[in-house]
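Tertiary structure, described
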Amino acid sequence: MDVLRTGCSMLGCLEPEAPPPGFADQSDAADRLVAALPGILLYWHRFHRDGTRIDPCTQDDSIAGQFLRLLHDGEPDPAHRHGLDVSLTLYAEHEFNASTFTARICASTLSDLHSAVTGAIGTLRGPLHGGANEAAMALIERFDAPGAAEEGLMGMLDRKELIMGFGHRVYKDSDPRSDVIKKWAQRLGEQAGDLRLYEVSERIEQVMRREKKLFPNLDFYSASAYHMMGIPTPLFTPIFVLSRVTGWTAHVIEQRADNRLIRPGSEYIGPEPRPFVAIEDR
Ligand code: COA
């Protein structure tokens, strides 16, 4: 996330957007971000992991295919490519979530697109927002069988711990995106002949429904689906960025089309005004 946040900001330095009021090349700047962010991320990842300097130029006609190609250095498995493509679609846009709101506030000051997206990336990384998919993976990986998962989860609930990948501020009964990615998590597990993570995830889901009446959000089954694609956990939240950048930039363009400064008020609940006492009178 540091790499993407800084890469986005640096792109704003190297290729600044045309200024307001016209923002004449905003669509091109948005397309460029969608195209460049996977290369920025994977150039860093591959160099950091094995010292390889990859060629991040486009070699595939989909973001999912390009990502897997650069990550694994070869032709992607068709099911992995399709599953990641579906996941990117599910993550692309979700109304006024926290990171999108950040982007719109920034855009409402007539700031540049790169600043809006840089702020959005910083907001997305938190574990209550996009960071939940990595935290969900850390949870699922701890258990080697459904029985152990149930026991471990009951302990966590007794200790009133937050279970990452469950609940949603807007959805109250279910997250419709979760059903889609859950099928992919199962399909990819079956293809690999390894359903351990899927079965552990399903048991966690059952316990959460039974004990807390909470349902998995998109992040929960994304974790095991990504794992089956051979994607390292620290790339899960960055993948969310590679998709959501489409939503953020669309919101920035929409905000600019009929702009008004977003400036919330706050209700003061502190002490009442107190008499002023000059220091020499104390
Ligand atoms: N694990 C355990 N308890 C949870 C929970 C979770 N994932 N999500 C909500 N709860 C509990 C809350 O602690 C609260 O309990 P309380 O009334 O005893 O204090 C109750 O359920 C109601 O919470 P709610 O008002 O629905 O949550 P919210 O709107 O404040 O928060 C989230 C929504 C997403 C921030 C919250 O569900 C959460 O932190 N989930 C985990 C992080 C996550 O997956 N984020 C990705 C979202 S797409």
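A few points on the structure. As the structure is a prediction and not an experimental result, all values here were calculated from the model.

Looking now at the packing of helix 4 (residues 78-91) against helix 12 (residues 236-257). A pair of packed helices can be characterised by two numbers: the angle between their axes and the separation between those axes. As a packed pair, helix 4 and helix 12 sit with axes 8 Å apart at the nearest point and diverge in direction by 65°. Between helix 4 and helix 12 lies a crossing whose hand is right-handed. Residues Leu84, Leu88 and Tyr91 of helix 4 pack against Ile239, Phe240, Ser243 and Arg244 of helix 12. When its residues are assigned to classes, the contact of helix 4 with helix 12 shows 5 nonpolar, 1 polar and 1 charged.

With that settled, consider the packing of aromatic side chains. On inspection of all chains with the given rule, the structure shows 6 aromatic pairs. Measuring from centroid to centroid gives 4.1 Å for Tyr91 and Phe240, while their planes differ by 35°, and the two rings are tilted. With Tyr91 in helix 4 and Phe240 in helix 12, the pair connects residues that are 149 residues apart, well separated along the chain. Considering the side-chain rings of Phe96 and Phe101, the 5.8 Å spacing of their centres and the 40° angle between planes classify their relative orientation as tilted. By relative accessible area, Phe96 is classed as partly exposed at 43%. For Phe101, a relative accessible area of 33% translates into the label partly exposed. Among the aromatic residues, those joined into a cluster by ring pairs are Phe166, Tyr198, Phe220 and Tyr221. Stacked on the ring of Phe23, the Lys or Arg Arg256 has its end atom at 3.4 Å from the ring centre.

Below, the discussion takes up the packing of helix 4 against helix 11 (residues 218-228). Viewed as axis vectors pointing N to C, helix 4 and helix 11 meet at an angle of 155°, and their least axial separation amounts to 11 Å. Classed by the angle they form, the pair helix 4 and helix 11 counts as roughly antiparallel. You can see that helix 4 and helix 11 cross each other, and the crossing is left-handed. In contact with His80, Leu84, Ser87, Leu90 and Tyr91 of helix 4, helix 11 contributes Leu218, Asp219, Ser222, Tyr226 and Met228. Its residues placed into classes, the contact of helix 4 with helix 11 shows 6 nonpolar, 3 polar and 1 charged.

This part is about the site of the ligand. What surrounds the ligand is a group of 19 residues, the closest being Ile163, Gly165, Phe166, Arg169 and Asn217. In this structure, Leu128 approaches the ligand through a main-chain N or O atom, which is 3.1 Å from a nitrogen atom. The contact in question runs from an oxygen atom of the ligand to an N or O atom on the side chain of Arg169, over 2.6 Å. Calculation on the ligand without its partners gives an accessible area of 870 Å², and the protein chains cover 61% of this total. Among the detected pockets, the ligand sits in the largest pocket. Per-class residue counts for the shell around the ligand are 9 nonpolar, 5 polar and 5 charged.

Procedures and definitions
Here, residues in each chain are numbered from 1, in the same order as that chain's written sequence. Restriction of local features to residues with pLDDT of at least 70 applies here, the model being predicted, together with a cutoff of 80 or more for giving and counting side-chain atom pairs; totals for whole chains, interfaces and linings are based on all residues. For the side-chain quantities, the full set of heavy atoms in the structure was used; hydrogens and water were omitted. What counts as an axis is a line fitted to C-alpha atoms, over the stretch in contact for a helix, and the angles between N-to-C directions run from 0 to 180 degrees. Numbering of helices and strands runs from the N terminus; a helix is a DSSP stretch of H or I covering at least four residues, while a strand is a stretch of E covering at least two. Crossing handedness follows the turn of the near helix against the far one: under a right angle anticlockwise gives a left-handed crossing, and clockwise gives a right-handed one. In what follows, a contact means two residues having at least one pair of non-hydrogen atoms within 4.5 Å. For this scheme, ten residues count as nonpolar: Ala, Val, Leu, Ile, Met, Phe, Trp, Tyr, Cys and Pro. Four count as charged, namely Asp, Glu, Lys and Arg, and the remainder, Gly too, count as polar. Stacked, edge-to-face and tilted labels apply to pairs of Phe, Tyr and Trp rings (six-membered ring for Trp) whose centres lie within 6.5 Å, assigned for plane angles under 30 degrees, over 60, and everything in between, in that order. Think of it in three bands: with a 1.4 Å probe and only protein chains considered, a residue is buried below 20% of the maximum accessible area for its type, exposed above 50%, and partly exposed in between. Here, a charge over a ring is recorded when the distance from Lys NZ or Arg CZ to the ring centre is within 6 Å and its angle to the ring normal is within 35 degrees. What sets the label is the angle itself: under 35 degrees gives roughly parallel, over 145 gives roughly antiparallel, 65 to 115 gives roughly perpendicular, and the rest give oblique. One heavy atom within 4 Å of a molecule or strand is enough for the residue carrying it to be called near that molecule or strand. Within 3.5 Å is the distance limit for a polar contact, defined as a pair of N or O atoms, with the added protein rule that one can donate a hydrogen and the other accept it, and that residues adjacent in sequence qualify only through two side-chain atoms. Here the open area of atoms and residues is found with the Shrake-Rupley method and a 1.4 Å probe, where only the protein chains shown may cover a residue. With a 1 Å grid laid over protein atoms only, a set of points is called a cavity when a 1.4 Å probe fits there but cannot get out and a pocket when it is open yet has protein on both sides within 12 Å along at least five of seven lines; lining residues have an atom within 4 Å of a point. Being in a pocket or cavity means that more than half of the molecule's atoms lie within 2 Å of its grid points.

Fair warning: the whole summary comes from geometry, so function is off the table for now.
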